[in-house]
Amino acid sequence: AIGKAIVNYNRALKLAPYDKDIQYNLAIANSYIKDRIVTVPDFFLSNWTRGLRTTLSSNAWAILSLVFLTITLACFLVYMLGEKKSVRKGGFFAGIIFALVCAMSVSFSVVERKDIINASEAIVISSAASVKSSPDRNSQDLFIIHEGTKLDVQNSYNGWNEVLLADGNKGWILSEAIELTDLK
């Protein structure tokens, strides 16, 4: 039951990422997980980019990209129609800068949307599940994971999912032992 609760809290958090009640309830549910997996730290630039990207929703980034596109076009209009060389130069360089910011906001919007809809994140919903070395019931057991553990699904094959844990361990698990947190 705790696994299903964690799945649904993760789904709710995707719909309302800043909701303190959902975050609190998810933290309570996560405190009941048996497996304590130490996360491999990300590169600091990845963390910074993710932090910036998650400050706004996908739709907000899309609207912001339209604003930056409008400013970019206005700057290039100044470049094309400007009388003075300094005004034209300023319009050109400002247009380049706003074009780059527009491209960044479009990419943030796309990535945020992909993270919400096409999640590869899954939660173990069976009380205990064996992670195997290959997608076969007779293959070697690598380790056991318990209900509520968060996984990243890499591949699927014939009722099995190749999963990656936060500590870098990888293996195959039966599809019925996990549930994806996507919103489909």
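Structure first, text after, so check above.
So, here's what we can say about the structure. (Residues numbered from 1 in each chain as written. Predicted model: local features only at pLDDT ≥ 70, side-chain atom pairs only at ≥ 80, totals over all residues. Heavy atoms only, no water.)

### Details of the packing of aromatic side chains
Now for step 1: For the structure shown, the criterion picks out six aromatic pairs.
Now for step 2: Here phenylalanine 76 and phenylalanine 92 contribute two aromatic rings whose centre-to-centre distance is 6.3 Å and whose plane-to-plane angle is 70°, an arrangement assigned as edge-to-face. Linking phenylalanine 76 in helix α4 (residues 58–81) with phenylalanine 92 in helix α5 (residues 85–117), this pair joins segments that are 16 residues apart in sequence.
Now for step 3: A relative accessible area of 26% means that phenylalanine 76 is categorised as partly exposed.
Now for step 4: In this structure phenylalanine 92 comes out as partly exposed when scored by relative accessible area, which is 30%.
Now for step 5: By way of ring pairs, the aromatic residues Phe76, Tyr79, Phe92 and Phe93 are connected into one cluster. (Phe/Tyr/Trp six-rings, centres within 6.5 Å; stacked < 30°, edge-to-face > 60°. Helix = DSSP H or I, 4+ residues; strand = E, 2+ residues; numbered from the N terminus. Buried < 20%, exposed > 50% of the residue type's maximum accessible area, 1.4 Å probe, protein only.)

### Some points on the state of the cysteines
Now for step 1: Under the criterion given, the structure shown has zero disulfides.
Now for step 2: Lacking any disulfide linkage, cysteine 75 is separated from the closest cysteine sulfur, that of cysteine 102, by 12 Å. (Disulfide = S-S within 2.5 Å.)

### Comments concerning α4
Now for step 1: Compared with the 34 Å implied by 1.5 Å per residue over 24 residues, the 35 Å span of α4 between its first and last C-alpha is a close match.
Now for step 2: Residues of α4 that are buried: Ser58, Trp61, Ser65, Phe68, Thr72 and Cys75.
Now for step 3: Packing partners of the buried residues in α4 comprise α3 (44–53) and α5. (Expected span 1.5 Å × (residues − 1). Contact = heavy atoms within 4.5 Å.)

### Considerations on the side chain of threonine 72
Now for step 1: Checked against the element boundaries, threonine 72 lands in helix α4.
Now for step 2: A polar contact is formed between the side chain of threonine 72 and the backbone oxygen of phenylalanine 98, at a distance of 3.3 Å.
Now for step 3: Residues contacting threonine 72, with those up to four places away along its chain left out, are Gly95, Phe98 and Ala99. (Polar contact = N/O pair within 3.5 Å; in protein donor to acceptor, adjacent residues only side chain to side chain.)

### Thoughts on the packing of α4 against α5
Now for step 1: Put simply, α4 and α5 touch, their axes get as near as 7 Å, and they point 165° apart. The angle between α4 and α5 falls in the class roughly antiparallel. For the pair α4 and α5, the sense of crossing is left-handed.
Now for step 2: Its residues placed into classes, the contact of α4 with α5 shows 20 nonpolar, seven polar and three charged. (Axes fitted to C-alpha atoms, helices over the stretch in contact; angles between N-to-C directions. Parallel < 35°, antiparallel > 145°, perpendicular 65-115°, else oblique. Left-handed = near helix turned anticlockwise from the far one by under 90°. Nonpolar A, V, L, I, M, F, W, Y, C, P; charged D, E, K, R; others polar.)

### Digging into a nonpolar patch on the surface
Now for step 1: A cluster of nonpolar side chains, contributed by Phe43, Phe44, Leu45 and Trp48, occupies part of the molecular surface with about 520 Å² of accessible area.
Now for step 2: Mapped onto the secondary structure, leucine 45 falls in helix α3.
Now for step 3: Owing to a relative accessible area of 42%, leucine 45 belongs among the partly exposed residues under this scheme. (Patch = residues over 30% accessible without salt bridge, like charges linked within 9 Å, V, L, I, M, F, W, Y side chains within 5 Å. Areas by Shrake-Rupley, 256 points an atom, 1.4 Å probe, with all protein chains shown as cover. Salt bridge = Lys/Arg side-chain N within 4 Å of Asp/Glu carboxyl O.)

### Comments concerning the side chain of glutamate 179
Now for step 1: Mapped onto the secondary structure, glutamate 179 falls in strand β7 (residues 178–180).
Now for step 2: Judged by its relative accessible area of 16%, glutamate 179 falls in the buried class.
Now for step 3: Here lysine 4 takes part through its side chain, which lies 2.7 Å from a polar atom of the side chain of glutamate 179.
Now for step 4: Of the polar contacts made by the side chain of glutamate 179, one reaches the side chain of arginine 11; its length is 2.9 Å.
Now for step 5: Not counting residues within four places of it along the chain, the set of residues in contact with glutamate 179 comprises Lys4, Val7, Arg11, Glu121, Ala122, Ile123 and Ile125.

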